[in-house]
Amino acid sequence: MKLSIFLSSLLILSFSNCVSSEERIIQNKQALFDNCMETFQDESKCNQLLSKSENDLRTEEEKRRAQREELTEEGYNGLKIREVMLEKIYKQTRIFVRGYLGEPDQMIRNADGDVWVYTRPISIYEPGSEPDEEIYIFFKRDFVRTVNVVKPKSVRAQGFSWGNWLKSSKKNQNEKGSDVLEEK
């Protein structure tokens, strides 16, 4: 009884302390500036420190957005077509994937195998479309087992339509390759 009251009050307190990431970042900048002023009492140096550490205070989504904005025409032309990329890396080794896509942005190790996460722009659906958000490559025994692609937000925001569903179902029946490849 006492434990349930304690847990419920703890839960209420944790929800009341929730703030958005933007507010948290602003508070972090202000706290960093205040700590700097207490230590050095030099406003110009503290402003310089704050501007240099601004990249460290940005969220992952802001960093991804900046990477996509900085993508030049030459870099955009170097992106791989999603379907071709999926067919090329499916059932390949880690060495091949590293050579083809480069070093992963994040590596997750678990009991089933490894997961490589690419958050930088690597692939596009077709020329002229936006780069994919993320690519997850699941390895089992050093071979690619599954590849999941997170499509751009603009494509995901379109929502469900029967026309798109029928197109994708026909594509999956008639053509090789899709957005998710799995070992069968």
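Residues numbered from 1 in each chain as written. Predicted model: local features only at pLDDT ≥ 70, side-chain atom pairs only at ≥ 80, totals over all residues. Heavy atoms only, no water.

Where an unreviewed UniProt entry is consulted, the protein chain appears under the name Lipoprotein, with the organism given as Leptospira yanagawae.

Novice: What's the story with helix H8 (residues 94-101) in this structure? I'm lost.
Specialist: Quick reminder: α-helices carry 3.6 residues per turn. Residues three or four places apart thus point the same way. Of the residues making up H8, those classed as buried are Arg94, Val97, Tyr100 and Leu101. For H8, the arc enclosing every buried residue in end-on projection is 135°, short of the 170-degree limit, so these residues lie on one face. More than 90 degrees from the buried face of H8, the exposed residues found are Ile95 and Gly99. (Buried < 20%, exposed > 50% of the residue type's maximum accessible area, 1.4 Å probe, protein only. Helix = DSSP H or I, 4+ residues; strand = E, 2+ residues; numbered from the N terminus. Arc of directions from axis to C-beta.)

Novice: Just checking my understanding: could you explain helix H5 (residues 60-69) for this structure?
Specialist: Within H5 the residues assigned to the buried category are Arg64, Ala66 and Arg68. Turning to H5, the residues buried within the fold contact strand E5 (134-140). (Contact = heavy atoms within 4.5 Å.)

Novice: Help me out: how do you make sense of the environment of Lys29 in this one?
Specialist: Positionally, Lys29 belongs in helix H2 (residues 21-40). Each C-alpha atom of the pair Lys29 and Leu50 lies 7.1 Å from the other, and the pair is 21 residues apart in sequence.

Novice: Looking at this structure, I do not really get the packing of aromatic side chains. What am I missing?
Specialist: Aromatic ring pairs are described here by two measures, namely the spacing of the ring centres and the angle between the planes. The full count for this structure, using the stated rule, is two aromatic pairs. Centroid distance Phe96 to Tyr100: 5.8 Å. Interplanar angle 10°. Geometry classified as stacked. Separated by four residues within a single helix, Phe96 and Tyr100 lie in helix H8, roughly one turn from each other. The partly exposed category is assigned to Phe96, whose relative accessible area is 30%. Here Lys80 stacks its cationic end above the ring of Tyr100, 4.8 Å away from the centre of that ring. (Phe/Tyr/Trp six-rings, centres within 6.5 Å; stacked < 30°, edge-to-face > 60°. Lys NZ or Arg CZ within 6 Å of the ring centre and 35° of its normal.)

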